[in-house]
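What follows is the residue order along each chain.
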Amino acid sequence: MSQQPTSCSCSHHHHEEQQVEELDTNKHTFNDPADEFRSFSDEELKQIIADDNNAVSKRSRLLYYLRQLTNNEEEIERSISILSEGFKSNSALLRHEIAYVMGQIGSEKAIPILEKVIQNLSEDVMVRHEAGEALGAIGSEQALPVLEQYLKDEHREIRETCELAIENIKYRQIKLKALSSVQNSLGNSTDPMDSFLSPFSSVDPSPAFESDKKLIFEEIKSTFLDLNKPLFERYKAMFTLRNIAGQYLEIDQKDYMNSWKRKEEALQTLCKGLLNKDEGALFKHEVAFVLGQLQDKSTANALEEILRDKNQHAMVRHEAAEALGSISDPESLKLLQEFEIDDVSAVKDSCTVAIDMHEYWSKFFSLTKSENEEQE
């Protein structure tokens, strides 16, 4: 399924080869990409993640595993410690994904590591951006001074990232205080951080618009497309459109046909934003990410147009490639194979990772299907 780690002992190589063989042949244990890493020690995982002799696709699967290590503080510390070793890699894509995962884990222990990344002016802009966004996702006021420091960065993508992250932290702090007072009065012990998870299990750079307010679809579309509106409001509109397109938010609950029409319009509006030549790279890359979450084939043409356009920022093209990987149909797979030799390493690596995951899940679903047929 992937090349073996070159940095571990021979006996461990043999153990992993056996495990991969079992994953290929025993459908009952073919669960998720995390299975291949459970038996490694932390030191071995640190070697795997930092060693560029290991395929970027394999190390991306390792990130998936590390993102799950959040059951207690000890696990979170282990995960962050292993992830931080990956910043030694030469792959900008991998370093950017590591920053993203740290943000999604949401622990303040990652803040000093992420601050060093955004402060490193020789680091790739895409990686610095992801570190800033991750600081926003963690949501701690502790990160505000560093984020404020880069509001005047030379790169627009960094300036806008910091603007969004600051807004997001302020929003979350207000929300946390309100939730805390409600929970205290009700004696509720639910983790308030769960309220920041999207319906797609992601912690986003902004919330969607509050669903308890009277939402007007045309206004949401207009805000999303309006270059003069504040960026944080446009991001809220983006995630609201995503939730409508994913049918997690129904504006017209009593009218099913209208609700279906809204889904199609939401997808078309997101694609319009992605293809707007006057739009900034940061905004477009987030739209591509959202389209990847939605996995709707009707958006593939817009994503292909972005991937083929060599004038687009690398962060936009790479996100389009990953979104096409998520859509995971034969046409998208052919396109990803075409760009697996792209001149831009982040795009090339994204295609490799997307193809790997496409093949993995295709195999998984075919085994699941055959298992269901056997049971019938």
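Rules and cut-offs
Residues numbered from 1 in each chain as written. Predicted model: local features only at pLDDT ≥ 70, side-chain atom pairs only at ≥ 80, totals over all residues. Heavy atoms only, no water. Helix = DSSP H or I, 4+ residues; strand = E, 2+ residues; numbered from the N terminus. Buried < 20%, exposed > 50% of the residue type's maximum accessible area, 1.4 Å probe, protein only. Contact = heavy atoms within 4.5 Å. Areas by Shrake-Rupley, 256 points an atom, 1.4 Å probe, with all protein chains shown as cover. Axes fitted to C-alpha atoms, helices over the stretch in contact; angles between N-to-C directions. Parallel < 35°, antiparallel > 145°, perpendicular 65-115°, else oblique. Polar contact = N/O pair within 3.5 Å; in protein donor to acceptor, adjacent residues only side chain to side chain. Phe/Tyr/Trp six-rings, centres within 6.5 Å; stacked < 30°, edge-to-face > 60°. Lys NZ or Arg CZ within 6 Å of the ring centre and 35° of its normal. pLDDT = per-residue confidence, 0-100. Left-handed = near helix turned anticlockwise from the far one by under 90°. Nonpolar A, V, L, I, M, F, W, Y, C, P; charged D, E, K, R; others polar.

Secondary structure assignment for the chain yields 17 helices and zero strands. Counting every position in the chain, which comprises 376 residues, the buried fraction comes to 53%. Across the chain, the fraction of contacts at a sequence separation of at least 24, relative to all contacts at a separation of at least 6, is 67%. Surface exposure of the chain reaches about 17900 Å², of which carbon and sulfur atoms provide 47%.

Turning next to the packing of helix H7 (residues 125-138) against helix H13 (residues 281-294). Think of two packed helices as two axes; the pair is described by the angle between the axes and how far apart they sit. Where H7 contacts H13, the axes come no closer than 13 Å and their chain directions differ by 70°. Judged on the interaxial angle alone, H13 and H7 are roughly perpendicular. The segment H7 lies against H13, with His129, Glu130 and Glu133 engaging Leu282, His285 and Glu286.

Among the secondary structure elements, Thr161 is positioned in helix H9 (residues 156-186). Once you skip the residues sitting within four places of it in the chain, Thr161 turns out to touch His129, Gly132, Glu133 and Leu282.

Our focus in this paragraph is the environment of Ser122. Position of Ser122 relative to the elements: it lies in the loop between helix H6 (111-119) and H7. Of note is the side chain of Ser122, whose polar atom sits 2.7 Å from the side chain of Asn120.

Phi is positive for Ser201, which is not a glycine, with a value near 60°. Locating Ser201 in the fold gives a position in the loop between H9 and helix H10 (217-225). The backbone of Gln247 shows a phi angle near 60°, a positive value even though the residue is not glycine. On the basis of relative accessibility, which here comes to 34%, the residue Gln247 falls in the partly exposed class.

With that out of the way, let us pick up the packing of aromatic side chains. Within the structure shown, the criterion is met by eight aromatic pairs. Look at Phe37 and Phe40: their rings are 6.5 Å apart centre to centre, the planes differ by 45°, and that puts the pair in the tilted class. Classification of Phe37 as buried rests on a relative accessible area of 0%. Judged by its relative accessible area of 5%, Phe40 is buried. Following the ring pairs from residue to residue traces out a cluster consisting of Phe224, Tyr235, Phe239 and Phe283. When the ring centre of Phe283 is taken as reference, the NZ or CZ atom of Arg234 above it lies at 4.0 Å.

Another aspect to go through is the confidence of the model for the chain. Predicted coordinates in regions of low pLDDT should not be interpreted in detail. Looking at the chain as a whole, its pLDDT mean stands at 86, while 81% of the residues score no less than 70. Confidence drops under a pLDDT of 50 for residues 1-30, and excluding neighbours within four residues, the segment shows 64 contacts in the predicted structure.

Quick look at the side chain of Glu36 now. Within the secondary structure, Glu36 is located in the loop between helix H1 (10-25) and helix H2 (42-50). Polar contacts involving the side chain of Glu36 include one to the side chain of Lys58, which spans 3.4 Å. In this structure the side chain of Glu36 is engaged in a polar contact, spanning 2.5 Å, whose partner is the side chain of Arg61.

This part covers the environment of Asn53. By secondary structure assignment, the location of Asn53 is in the loop between H2 and helix H3 (56-67). With a relative accessible area of 53%, Asn53 lands in the exposed category. Once the C-alpha coordinates of Asn53 and Ser89 are considered, the two residues, 36 residues apart in sequence, prove to be 9.9 Å apart.

Here we take up the packing of H10 against helix H11 (residues 231-245). For the pair H10 and H11, interaxial distance at closest approach is 8 Å and the crossing angle is 130°. Put simply, H10 runs oblique to H11. In this structure, H10 crosses over H11, and the sense of that crossing is left-handed. In contact with Phe217, Ile220, Lys221, Thr223, Phe224 and Leu225 of H10, H11 contributes Glu233, Arg234, Ala237, Met238, Thr240, Leu241 and Ile244. Grouping the constituent residues of the contact of H10 with H11 by class yields eight nonpolar, two polar and three charged.

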